[in-house]
Amino acid sequence: MNSRHAFQVLCVVAVFFALTGSAARANDGYGLWLNYDRLADPARLQTGREIFSAAVVPSDSATLRVVREEIKRGLDGLLGIDLSFAETVAHNGVILVGTLRTSAAIRSLGWDTELKELGREGFLIRSSQVNGHRATVIAANEEVSLLYGTFHLLRLIQTKRTLDKIDIASRPHVQYRLLNHWDNMDGSIERGYAGRSLWQWDELPAKIDPRYQHYARANASLGLNGTVVNNVNANPIILQPEYLEKLRALADTFRPYGIKLFLSIRFSSPLRPARQAGSRRGGIGDLETADPLDPEVRQWWKDKVKEIYAVIPDFGGFLVKANSEGMPGPQDYGRHHADGANMLASALKPYGGIVMWRAFVYDAKTDSDRAKRAYKEFVPLDGVFASNVFVQAKNGPIDFQPREPVHPLFGAMPKTPLMLELQITQEYLGHSKHLVYLAPMWKEYLDFDTHAKGSGSSVATVIDGSLHDYAMTGIAGVANTGSDRNWCGHFFAQANWYAFGRLAWDHQLSAETIADEWICMTLSRDEQVVRTVNAMMMGSWEACINYMTPLGLHHIMQAGFHYGPQPSYANAPRQDWTSVYYHRADKHGVGFDRSSTGSNATSQYFSPVRERFDNVATCPEKYLLWFHHLPWDHKMASGRTLWQEIQRHYDAGIETVKQMQTTWETLKGRIDPEIFSHVQGKLETQLQDATIWHDTCLAYFGSFAN
Ligand code: GCV
């Protein structure tokens, strides 16, 4: 082909793509839920109202510039409107965005009392009259809340809500809504399945990857307001001056989006560096001890905190994993968790910083049942923690299993704000290879009634502070983001980031509603497509439980890797924390007896949950083998034996994945082709893996049961 011919071919291809729009449609997932694809019928949305033609966003700041940019971009994409910015509302069809401070027009509306009730982060969106003209108003007390309101208005358009009579008042239920990154300083991510860390430490602070801003924008669109950028298995070098400069650059980039920066710290940071490479002990200082009651240690932290705030004036605080999995902590010096947390808290307090002290503790030497440990160590300390300390607990008592009963700490520490830690990254749920929508799982935890103060004491009421009147409230999600072009590895894993953010803002949203929103914002607004994908997502968690760990089985994954099945994993002569330790299968039966005849972990729950879990007859079958060791021929509610029921669940898991594949095929040609084939490939892997789980587990347990 000569060059002239090649050029002609190129032109023909270009014209073809321009006409069919195919090139524009290919979606690599980078835009997340913020692509703002054009609505099929933009005019329909605004029936009875004028098409938006201008926006009034008085005053100026970095955040307000983001607000302007976002409205313009959103309306251009969604409705094809070339929005202009005006000084005042002088005609119909204007969007007015302002706080009582920035806008006289907002002040004139007389919404002061309502705004006051909405607090710092809430917003109002209303169809209203301004200067005698019909306008859509976004009003709030703070500029960042205007950004939340802006994203919400755009979400309404993305999800095809009519815009003629809007009257929305929204405020977050929880104050600290954070992502926790388990990112290491060498760029790897512990339990990360979407590439390398987003943070380019070697380039910072000189070079700011545009992705940092895109990351902050995505979080702000959900109302997330903080991020812990490094792994809880913390490397102390993060506190060195050189790194503080890098962190300053990140914090500066996140600030306009309302995202505060937090750090995981290693408790032994004041110590000299460890001699052994890779050791979890040691620090960056020159002290002989990290004892939290030692005056020199306390001064070291005070000085370090002062240094941090000099660089990042709105720094959020510290997340701490102490005396857990080899990480140093106050117990190394005969002190308790509150001694450690309070020392850090007193250094942070003058600047408004907080401590999130993790409750993920267990000890093979002293525990016969790992599930009981956190309760034993933390409940006696209720009331001893300083006022700016959270105790951060995972949703379940073991470790982010496909399904766990709720952690017994929730409800048991009325004087200590508990922060809920969820895991967005799918450590135990098929990594970024399996389609598992996690919102139904998180709702199961949030809605669980602990009965701490009688019925109606759900985990959500503990977390949002309403049950115990906590002075501060928080929720954290272990991030699933990475350097992969589509951020999360699996396209559907984006839905879990999205769902975490939405639930952090409003835990009353249903998993179905959140899925609908996400589908409309990413895949299609066609009602049938939305229904089909929604059903697939809603069934996916239960499917995963079925093919991995049904009926309360847990932690039978490959040791360390936590991906495939390894029910046979034993580590003679010590059996602690092996698969065999958790399932206890033998020829007599299967399951971990945590009832009053066994480890008595059931006693850590409030009555009547305690009794319900303790009694085989009333224990929900989904938790059966978590709490009870039962014979293979135990009669289940269905009339089948336990062994038959286990088989039925593993079969059902595979069946659902097959159905997901069939369903997905019906979407061919109806959604973006690139996403279609990406997910098609992932589902193929998921079926192969589910089959391996099924075959391995049934062969293993069958060797005892049959
Ligand atoms: C960050 C589990 C995970 C670890 C993780 C730990 C934790 O043990 O497998 O990778 O470490 O939980 O939450 O601290």
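Rules behind the numbers
Residues numbered from 1 in each chain as written. Predicted model: local features only at pLDDT ≥ 70, side-chain atom pairs only at ≥ 80, totals over all residues. Heavy atoms only, no water. Helix = DSSP H or I, 4+ residues; strand = E, 2+ residues; numbered from the N terminus. Rg over C-alpha atoms; globule rule 2.2 N^0.38 Å. Buried < 20%, exposed > 50% of the residue type's maximum accessible area, 1.4 Å probe, protein only. Areas by Shrake-Rupley, 256 points an atom, 1.4 Å probe, with all protein chains shown as cover. Lys, Arg positive; Asp, Glu negative; His and termini not counted. Charge placed at Lys NZ, Arg CZ, Asp CG, Glu CD. 1 Å grid on protein atoms, 1.4 Å probe; cavity = no way out; pocket = protein on both sides within 12 Å on 5 of 7 lines; lining within 4 Å. Points joined across faces, edges and corners; volume = space filled by probe spheres on them. Nonpolar A, V, L, I, M, F, W, Y, C, P; charged D, E, K, R; others polar. Near = heavy atom within 4 Å. Polar contact = N/O pair within 3.5 Å; in protein donor to acceptor, adjacent residues only side chain to side chain. Pairing = 2+ DSSP bridges. Axes fitted to C-alpha atoms, helices over the stretch in contact; angles between N-to-C directions. Contact = heavy atoms within 4.5 Å. Salt bridge = Lys/Arg side-chain N within 4 Å of Asp/Glu carboxyl O. Disulfide = S-S within 2.5 Å. Parallel < 35°, antiparallel > 145°, perpendicular 65-115°, else oblique. Expected span 1.5 Å × (residues − 1). Bend = angle between axes of the 7 residues up to and from the residue.

Trainee: Any chance you could explain the overall build of the protein chain here in plain terms?
Mentor: The number of helices and strands found in the protein chain is 21 helices and 16 strands. Computed over C-alpha atoms, the radius of gyration of the protein chain comes to 27 Å, within 12% of the 27 Å expected from 2.2 N^0.38 for 706 residues, which places it in the range of a compact globule. Along the first, second and third principal axes, the C-alpha set of the protein chain runs to 75 × 65 × 65 Å. Here the protein chain holds 706 residues, and the buried ones make up 61% of them. Carbon and sulfur atoms make up 51% of the accessible area of the protein chain, which totals about 26400 Å². Charged side chains in the protein chain number 72 positive and 76 negative. The centres of these two groups are separated by 1 Å.

Trainee: How do you make sense of empty space enclosed by the protein when you look at a structure like this?
Mentor: Sizing a probe to match a water molecule and rolling it over the atoms shows the empty space that remains. The tally for this structure, following the rule as stated, stands at 6 cavities of 30 Å³ or more. Roughly 90 Å³ of volume is contained in the largest cavity. Around the largest cavity, the lining residues are Ala-359, Phe-360, Val-361, Tyr-362, Arg-370, Ala-371, Ala-374, Lys-394, Gly-396, Pro-397, Ile-398 and His-407. Per-class residue counts for the lining of the largest cavity are 8 nonpolar, 2 polar and 2 charged. One number sums up the size of the second largest cavity: a volume of about 60 Å³. If you trace the second largest cavity, you find it lined by Phe-123, Tyr-148, Phe-151, His-152, Arg-155, Ala-220, Ser-221, Leu-222, Gly-223, Arg-502 and Trp-505. For the lining of the second largest cavity, the element with the highest residue contribution is helix α6 (residues 143-158), accounting for 4 residues.

Trainee: How should I be thinking about the site of the ligand in this particular structure?
Mentor: Taken together, 14 residues lie near the ligand, and Glu-190, Lys-321, Arg-358, Lys-394 and Glu-427 sit nearest. Side-chain polar atom of Glu-325 to an oxygen atom of the ligand: 2.7 Å apart, as the coordinates give it. With respect to the ligand, the side chain of Lys-394 contributes an N or O atom lying 2.6 Å from an oxygen atom. Protein burial of the ligand: of its 340 Å² of free accessible surface, 96% is covered by the chains. Considering only residue class, the shell around the ligand consists of 3 nonpolar, 3 polar and 8 charged.

Trainee: Would you mind going over the sheet that holds strand β5 (residues 133-140) with me for this structure?
Mentor: Either a parallel or an antiparallel arrangement is found when strands of a sheet pair, and the pairing is made through backbone hydrogen bonds. What the 6 strands build is an open sheet, ordered β2-β1-β3-β5-β4-β6; its pairing is mixed. On the outer flanks of this sheet lie β2 (84-85) and β6 (167-170), each paired with one strand and no other. Pairing between strand β1 (residues 54-56) and strand β3 (residues 94-99): 3 bridges, direction parallel. Counted as the bridge partner of Ala-55 is Ile-95 from β3.

Trainee: What exactly am I supposed to notice about the sheet that holds strand β13 (residues 418-423) here?
Mentor: Ordered in space as β7-β8-β9-β10-β11-β12-β13-β14, the 8 strands form a closed barrel in which the pairing is parallel. Averaged over neighbouring strand pairs, the angle between their axes works out to 25 degrees when direction is ignored. Pairing of strand β7 (residues 176-180) with strand β8 (residues 226-228) involves 3 bridges; the strand directions are parallel. Note on β8: the bridge partner recorded for Leu-179 is Thr-227. The sheet contacts of helix α10 (residues 337-348) involve β9 (260-265), β10 (317-320), β11 (354-358) and β12 (389-394), and relative to β11 the element is tilted by about 160 degrees.

Trainee: So what exactly am I meant to see when it comes to the side chain of Lys-443 here?
Mentor: As for its placement among the helices and strands, Lys-443 is situated in helix α12 (residues 439-447). As a buried residue without a salt bridge, Lys-443 has its nearest oppositely charged side chain in Asp-447, at a separation of 4.2 Å. Ignoring sequence-local partners within four residues, the contact set of Lys-443 consists of Leu-503, His-507, Gln-508, Leu-509, Ser-510 and Ala-511.

Trainee: I keep staring at the pattern of salt bridges and nothing clicks. Help me out?
Mentor: Close approach of charged atoms lets side chains of opposite charge pair. Here the structure, examined in full by the defined rule, presents 35 salt bridges. In this structure, the salt-bridge partner of Asp-60 is Arg-65, at a minimum N-O distance of 2.8 Å. Looking at Asp-60, the relative accessible area reads 49%, which means it is partly exposed. Across the salt bridge formed by Arg-648 and Glu-645, the nearest N and O atoms sit 2.9 Å from each other. Of this pair, Arg-648 and Glu-645 are both found in helix α20 (residues 642-665), 3 residues apart, which corresponds to roughly one turn of the helix. Relative accessible area serves as the criterion here: at 35%, Arg-648 is assigned to the partly exposed category. Within this structure, Arg-120, Glu-121, Glu-142 and Arg-177 form a network of salt bridges that share partners.

Trainee: In this structure, what is going on with the environment of Leu-435? I would like to understand it.
Mentor: Secondary-structure assignment places Leu-435 in the loop between β13 and α12. A residue is classified by how much of its surface remains accessible, and Leu-435, at 1% relative accessible area, is buried. For the pair Leu-435 and Gln-686, spaced 251 residues apart in sequence, the C-alpha to C-alpha distance is 7.6 Å. Look past the residues within four positions of Leu-435 in its chain and what remains in contact with it is His-490, Phe-492, Met-536, Ser-540, Met-660, Val-679, Leu-683 and Gln-686.

Trainee: What exactly am I supposed to notice about the state of the cysteines here?
Mentor: A covalent bond between the sulfur atoms of two cysteines is what we call a disulfide. Under the definition given, this model contains 0 disulfides. Here Cys-520 is not cross-linked by a disulfide; its sulfur's nearest cysteine counterpart is in Cys-488, at 19 Å. Note on Cys-520: relative accessible area 12%, which makes it buried. Not part of a disulfide, Cys-544 finds its nearest cysteine sulfur in Cys-697, a span of 12 Å. The exposure class of Cys-544 is buried, given its relative accessible area of 0%.

Trainee: Please explain the layout of surface pockets as it appears in this structure.
Mentor: Estimates place the volume of the second largest pocket at around 490 Å³. Around the second largest pocket sit 24 residues that line it, and Arg-120, Glu-121, Gln-175, Tyr-176 and Asn-225 are the ones nearest its centre. Put simply, the parts of the chain that give the lining of the second largest pocket at least two residues each are α6, β7 and β9. Here the residues of the lining of the second largest pocket sort into 9 nonpolar, 9 polar and 6 charged.

Trainee: How do you make sense of the pairing of β13 when you look at a structure like this?
Mentor: The side chains of a regular strand alternate between both faces of the sheet. Counted residue by residue, β13 has 6 buried out of 6 residues, so it is predominantly covered. The alternating pattern of β13 places Leu-418, Leu-420 and Leu-422 and Met-419, Glu-421 and Gln-423 on opposite faces, both of which are buried. Where β12 meets β13, 4 bridges bridge the pair, whose relative direction is parallel. Looking at the pairing, Gln-392 lines up with Met-419 of β13.

Trainee: Please explain the packing of α20 against helix α21 (residues 673-705) as it appears in this structure.
Mentor: In a packed pair of helices, the relevant descriptors are the angle between the two axes and the axis-to-axis distance. Look at α20 against α21: their axes get within 10 Å of each other, and the N-to-C directions meet at 170 degrees. With respect to α21, the axis of α20 lies roughly antiparallel. Residue composition of the contact of α20 with α21, by class: 18 nonpolar, 7 polar and 4 charged.

Trainee: It is not clear to me how helix α16 (residues 527-548) should be interpreted in this structure. Could you clarify?
Mentor: Since one α-helical turn is 3.6 residues long, residues separated by three or four positions face the same way. The terminal C-alpha atoms of α16 lie 32 Å apart, and with 22 residues this matches the ideal 32 Å at 1.5 Å per residue to within 8%. Along its length, α16 shows its largest kink, about 35 degrees, at Ser-540. Its side-chain oxygen at 2.8 Å from the backbone nitrogen of Gln-528, Asp-526 defines the N-terminal cap of α16.

Trainee: Can you help me understand the environment of Ser-457 in this one?
Mentor: By secondary structure assignment, the location of Ser-457 is in the loop between α12 and α13 (459-463). Excluding anything up to four places from it in sequence, Ser-457 contacts Phe-448, Asp-449, Thr-450, His-451, Ala-452 and Leu-467. Here the side chain of Ser-457 touches Lys-453 through a polar contact of 2.9 Å, landing on its backbone nitrogen.

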